[in-house]
Amino acid sequence: MPAPIDHGHSLHSLYMRGQPLGVECRACAHRALVFAGRVEGFKGDMTLLQDLRLLCSSCGARHWTGWLLSDDGDREAFIGAGRSRPTF
Ligand SMILES: [Zn+2]
């Protein structure tokens, strides 16, 4: 099950799970998988996920909700099969 990020989660948390960050726009509900294929490089990176500056590619809003994904099933549940997008 995708789990909402909290104050303690960092880029390293993505590395530990080996999954991209699920992001949902609070304005338009656009969803995307961020950092797909890049999480291997986040080992030891304690940058907090809540501090990331992300911009919705659909409506331009800056407010988003982050979700931690644990496996491929979570990815499909979050984004919908076949609708994966590389950027938010
Ligand atoms: Zn949006």
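Let me sum up the structure you'll find in this document.

Each value, and the rule that gives it
- Residues numbered from 1 in each chain as written.
- Predicted model: local features only at pLDDT ≥ 70, side-chain atom pairs only at ≥ 80, totals over all residues.
- Helix = DSSP H or I, 4+ residues; strand = E, 2+ residues; numbered from the N terminus.
- Rg over C-alpha atoms; globule rule 2.2 N^0.38 Å.
- Buried ≥ 20, exposed ≤ 12 C-beta atoms within 10 Å, placed from the backbone.
- Contact = placed C-beta atoms within 7 Å.
- Core = buried A, V, L, I, M, F, W, Y, C linked by C-beta atoms within 7 Å.

Before going further, it helps to spend a moment on the overall build of the protein chain. Assigned secondary structure in the protein chain consists of two helices and four strands. The order of α-helices and β-strands along the protein chain, N terminus first, is β-α-β-β-β-α. For 88 residues, the compact-globule estimate of 2.2 N^0.38 gives 12 Å, and the C-alpha radius of gyration of the protein chain, at 12 Å, lies within 12% of that figure. Here the C-alpha coordinates of the protein chain stretch approximately 35 × 25 × 20 Å along the principal axes. Expressed as a percentage of the 88 residues in the protein chain, the buried residues total 32%. Contacts in the protein chain between residues far apart in sequence, at least 24 positions, make up 78% of those at least 6 positions apart.

A word on the environment of Q50. Structurally, Q50 is set in the loop between β3 (31–34) and β4 (64–68). In this structure, the C-alpha to C-alpha distance between Q50 and E24, residues 26 residues apart in sequence, is 13 Å. Not counting chain neighbours up to four residues away, the residues in contact with Q50 comprise I5 and H7.

The next subject is the nonpolar core. With 20 residues, the main nonpolar core has L21, V23 and V34 as its most contacted residues. Those elements that place two or more of their residues in this core are α1 (11–17), β2 (21–25), β3, β4 and α2 (72–79). In contact with L21, not counting residues within four places along its chain, are L14, V34, F35, L49 and G66.

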